[in-house]
Amino acid sequence: MNFSRRTLLKASAAMTFVGGVAAPHVARAQQAEFTFKFANNLPDVHPLNVRAKEMAAAIKTETNGRFDLQIFPNNQLGSDTDMLSQIRSGGVEFFTLSGLILATLVPAASINGIGFAFPNYESVWKAMDGELGAYVRGEIAKANLAVMDKIWDNGFRQTTSSTKPINGPDDFKGFKIRVPVSPLWTSMFKAFDAAPASINFSEVYSALQTKVVEGQENPLALIATAKLYEVQKYCSLTNHMWDGFWFLANRRAWEKLPEDVRTIVAKNVNAAALKQRTDTEKLNATTRDDLAAKGLIINQPETGPFRDKLRQAGFYAEWKGKYGDHAWDLLEKSVGKLA
Ligand code: X2X
């Protein structure tokens, strides 16, 4: 705001007081000092957006209206690839992105997606709120992005298909599967001898509908909220990886905030992440019956043969080499020996 406009606003606020109808006018005239755009790829009804809305309201109240958070769900501002470039340029100030996709910029960020690494949520939060998460956040900071402490939950990923259920690793042979844009995803499904195609989430529904691909993989909460069951027939509970969203900020915009505002925002974002984790975990656990009622045929294959196949294909050894011993040790500290 330039000097003359600020002066004018002050003058008009003062005049309103003189006129004796202060409260409503001042409230209307009061503009947020800081307006941040938060972009993401998830449906409006997904717990991430539900908790984000609550968080935006809390931040507005606690900053006395100084900070206004505008949420753009559902790829309204473009695909993940577009939003990643916008968060870097400052076109958006906040963006939640899967660590695996962020790995196109910060290679270490995909490490939590190593196939069958995490046996359960307890081990996920221990690692991501512990040393492994701290290491990844350090790498993200080196890439000149700011990142909040608490990662948000996407969930354990399951495989859906329009052609056949996945009962074991052999069923992945030649399987045309959509994967997000990420070297780890492509590598893992190649290790299964599948035919992975990198497609942004914004295009997934139509790619499945037009049968550009046979299947895709995502947590149940997302298969439900993005209505992927409408264009898929089978759902195999492969639980092949855990995926989460880092809450990223454009560094310049973040550092420009006065410290008191920044503290309130960070506190509320991290608190919302914890609530969203609980919601999403619950939703992932309870959605199975809903999806079956919607017509998805659900099966639960054993995970052992999938792990063996990845091991035989040299998948773990290859990625250990890429991440380096330090990062791999941090992962194995939380989940036990992998390779
Ligand atoms: O693109 C996906 O499949 C999604 C929505 O799960 C991610 O953001 C990784």
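Residues numbered from 1 in each chain as written. Predicted model: local features only at pLDDT ≥ 70, side-chain atom pairs only at ≥ 80, totals over all residues. Heavy atoms only, no water.

Enquirer: Got a minute to help me understand the environment of Pro107 in this structure?
Expert: Position of Pro107 relative to the elements: it lies in the loop between helix H5 (99-102) and helix H6 (121-128). You can call Pro107 exposed: its relative accessible area is 58%. When the C-alpha atoms of Pro107 and Lys322 are compared, they prove to be 8.6 Å apart, with 215 residues separating the residues in sequence. (Helix = DSSP H or I, 4+ residues; strand = E, 2+ residues; numbered from the N terminus. Buried < 20%, exposed > 50% of the residue type's maximum accessible area, 1.4 Å probe, protein only.)

Enquirer: It is not clear to me how the site of the ligand should be interpreted in this structure. Could you clarify?
Expert: Neighbouring the ligand are 14 residues, the closest being Asn41, Asn154, Arg157, Arg178 and Asn218. One of the side-chain N or O atoms of Arg157 is found 2.9 Å from an oxygen atom in the ligand. Relative to its free-state accessible area of 270 Å², the ligand is covered by the protein chains to the extent of 100%. The pocket occupied by the ligand, as judged from atoms lying within 2 Å of grid points, is the largest cavity. For the shell around the ligand, the residue count by class is 6 nonpolar, 4 polar and 4 charged. (Near = heavy atom within 4 Å. Polar contact = N/O pair within 3.5 Å; in protein donor to acceptor, adjacent residues only side chain to side chain. Areas by Shrake-Rupley, 256 points an atom, 1.4 Å probe, with all protein chains shown as cover. 1 Å grid on protein atoms, 1.4 Å probe; cavity = no way out; pocket = protein on both sides within 12 Å on 5 of 7 lines; lining within 4 Å. Sits in = over half its atoms within 2 Å of the grid points. Nonpolar A, V, L, I, M, F, W, Y, C, P; charged D, E, K, R; others polar.)

Enquirer: How should I be thinking about the packing of aromatic side chains in this particular structure?
Expert: In this description, a pair of aromatic rings is defined by centroid distance and the angle of the planes. If you walk through the whole model with that rule in mind, you get 20 aromatic pairs. With 4.8 Å between their ring centres and 40° between their planes, Phe38 and Phe247 make a pair best called tilted. On the criterion of sequence distance, the pair formed by Phe38 in strand S1 (residues 34-39) and Phe247 in strand S11 (residues 242-250) is long-range, its members being 209 residues apart. Through a chain of ring-to-ring contacts, three or more aromatic side chains come together here, namely Phe36, Phe38, Phe67, Phe94, Trp152, Phe247 and Trp254. (Phe/Tyr/Trp six-rings, centres within 6.5 Å; stacked < 30°, edge-to-face > 60°.)

Enquirer: When you look at the confidence of the model for the chain in this model, what are you seeing that I'm missing?
Expert: Do not read the predicted coordinates in detail wherever pLDDT is low. Overall, the predicted model of the chain reaches an average pLDDT of 93, with 91% of residues at or above 70. In the model, residues 1-29 has pLDDT below 50 throughout and makes 8 contacts with residues more than four positions away in sequence or in other chains. (pLDDT = per-residue confidence, 0-100. Contact = heavy atoms within 4.5 Å.)

Enquirer: Mind showing me how you'd approach empty space enclosed by the protein here?
Expert: Any empty space left between the atoms is revealed when a probe the size of a water molecule rolls over them. Inspection of the entire model under this criterion finds 1 cavity of 30 Å³ or more. Considered as a void within the structure, the largest cavity measures approximately 100 Å³ in volume. Among the residues forming the lining of the largest cavity, the class breakdown is 7 nonpolar, 4 polar and 4 charged. (Points joined across faces, edges and corners; volume = space filled by probe spheres on them.)

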